[in-house]
Amino acid sequence: MRIDILTLFPGMFEGFLNQSILKRAQTKGLAEICIHDLRNYSTDKHGNVDGYAFGGGAGMVMMAEPIVLCIEELGKERPYDEIIFMTPDGEQFDQPMANSLSLKKNIIMVCGRYKGIDQRVRDHWITKEISIGEYVLSGGELPAAVVADAIIRLIPGVLSDESSALLDSYQGELLDAPVYTRPEDFRGYKVPEVLISGDHKKIDEWRYEQSLKKTEKRAKE
Ligand code: SAH
């Protein structure tokens, strides 16, 4: 899978992309993530990428041209399954959406800044709008990173134990069960007996019960 991210702040992705699971996915050739600096696509003589909003009001708006030029250039190289705009008024991101996006081959993600991007790009080039939650961040970079992470960990071969992602919360009806590791006794707090019993049937039952309890409790909150 290939993800192209269009941003005014490419540096924000450096650390994030080059660590842990996302790094492994790229080294193994399972995912390719390319960051594009929209400033390189400015045709304005001052190199501007934003302007005042028509009609007035506070805040700048990202211009259509740099975004569209970048999308067009990428589109000449390969077909894209989805051109996504990260925006707080988009469709709420969730696990089923991550699952379906993880099956795509090429995706573009556009990160907004300021008041957002010129509406004409949204109307005529963007094919999907995603919100990571009902709150407003200062840019689409963190949302794009959230979505990229959620998608890439689902690609077969990225996690060392593939079944792990399938048992996570939100993959089924139930939330994931609690987990413990060494030592068995941490400052007097013990690991539940059943987990060290070696009885796998009992362990599965216990995990199922715990998942059920957690899910019911969360539903009431
Ligand atoms: N004026 C806009 C918010 C702009 S915030 C509005 O009220 O809808 C600047 C940029 O940050 C947005 O264009 C978007 O790309 C990104 N952003 C902020 N919050 C987000 C969220 N919850 N989900 C996805 N993207 C978000």
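Residues numbered from 1 in each chain as written. Predicted model: local features only at pLDDT ≥ 70, side-chain atom pairs only at ≥ 80, totals over all residues. Heavy atoms only, no water.

> Got a minute to help me understand the side chain of Arg-113 in this structure?
Relative to the helices and strands, Arg-113 resides in the loop between β6 (106-111) and α5 (119-124). Among all residues touching Arg-113, those that are not within four sequence positions of it are Leu-8, Phe-9, Met-12, Met-62, Ser-138, Gly-139 and Glu-141. (Helix = DSSP H or I, 4+ residues; strand = E, 2+ residues; numbered from the N terminus. Contact = heavy atoms within 4.5 Å.)

> I keep staring at the environment of Met-63 and nothing clicks. Help me out?
Positionally, Met-63 belongs in the loop between β4 (60-62) and α3 (64-77). Judged by relative accessible area, Met-63 falls into the partly exposed class, the value being 29%. A C-alpha to C-alpha distance of 5.8 Å links Met-63 and Asp-118, two positions 55 residues apart in sequence. Setting aside residues up to four positions removed in sequence, Met-63 forms contacts with Asp-44, Asn-48, Val-49, Asp-50 and Gly-51. (Buried < 20%, exposed > 50% of the residue type's maximum accessible area, 1.4 Å probe, protein only.)

> Honestly, the packing of aromatic side chains in this entry has me stumped. Any pointers?
Two numbers describe a pair of aromatic rings. These are the distance of the centres and the angle of the planes. Counted under the stated rule, the structure contains zero aromatic pairs. We note Arg-39 situated over the ring of Phe-9; from NZ or CZ to the ring centre the distance is 5.7 Å. (Phe/Tyr/Trp six-rings, centres within 6.5 Å; stacked < 30°, edge-to-face > 60°. Lys NZ or Arg CZ within 6 Å of the ring centre and 35° of its normal.)

> What's the story with a nonpolar patch on the surface in this structure? I'm lost.
A cluster of nonpolar residues, Phe-9, Met-12, Tyr-114, Tyr-135, Leu-137 and Leu-142, forms a patch on the protein surface that exposes about 570 Å² of accessible area. For Phe-9, a relative accessible area of 31% puts it in the partly exposed group. (Patch = residues over 30% accessible without salt bridge, like charges linked within 9 Å, V, L, I, M, F, W, Y side chains within 5 Å. Areas by Shrake-Rupley, 256 points an atom, 1.4 Å probe, with all protein chains shown as cover. Salt bridge = Lys/Arg side-chain N within 4 Å of Asp/Glu carboxyl O.)

> In this structure, what is going on with the domain arrangement of the protein chain? I would like to understand it.
A common measure of how large an interface is: the accessible area buried when the components associate. Taken domain by domain, the protein chain comprises domain 1 (2-152) and domain 2 (173-220). With centres defined by C-alpha atoms, the gap from domain 1 to domain 2 works out at 39 Å. (Domains from an automatic or database assignment.)

> Hey, could you run me through helix α8 (residues 200-220) in this one?
Two residues of an α-helix separated by three or four positions point the same way, owing to the 3.6 residues in each turn. Compared with an ideal rise of 1.5 Å per residue, which puts 21 residues at 30 Å, α8 spans 30 Å between its outermost C-alpha atoms and is within 8% of the ideal. Taken residue by residue, α8 has Ile-203, Trp-206, Gln-210, Ser-211 and Thr-215 as its buried positions. Take α8 and look down its axis: the buried residues cluster within an arc of 165°, on one side only. Seen from the buried face of α8, the exposed residues on the opposite side, beyond 90 degrees, are Lys-201, Lys-202, Lys-213, Ala-219 and Lys-220. Put simply, Asp-199 is the residue that caps the front of α8, since its side-chain oxygen is 3.2 Å from the backbone nitrogen of Lys-201. (Expected span 1.5 Å × (residues − 1). Arc of directions from axis to C-beta. Polar contact = N/O pair within 3.5 Å; in protein donor to acceptor, adjacent residues only side chain to side chain.)

> Sorry, what's going on with the pattern of salt bridges here?
Any two side chains of opposite charge can pair, on the condition that their charged atoms come close. Scanning all chains against the criterion turns up 14 salt bridges. For the salt bridge of Glu-32 with Arg-2, the shortest nitrogen-to-oxygen distance reads 3.3 Å. Of the two residues, Glu-32 sits in strand β2 (residues 32-37) while Arg-2 sits in strand β1 (residues 2-7), which places them 30 residues apart along the sequence. Accessibility expressed as a relative area gives 12% for Arg-2, which makes it buried. Across the salt bridge formed by Arg-122 and Asp-89, the nearest N and O atoms sit 2.9 Å from each other. Highlighted residues: Arg-122 in helix α5 and Asp-89 in strand β5 (residues 82-92), separated in sequence by 33 residues.

> What am I meant to see in the state of the cysteines here?
Each disulfide is one covalent bond, formed between the sulfur atoms of two cysteines. Following the criterion strictly, the structure yields zero disulfides and no others. Sulfur of Cys-34: no disulfide; nearest cysteine sulfur belongs to Cys-70 and is 11 Å away. Relative accessible area serves as the criterion here: at 16%, Cys-34 is assigned to the buried category. Cys-111 carries a free sulfur, and the closest cysteine sulfur to it, the one in Cys-70, is 11 Å from it. (Disulfide = S-S within 2.5 Å.)

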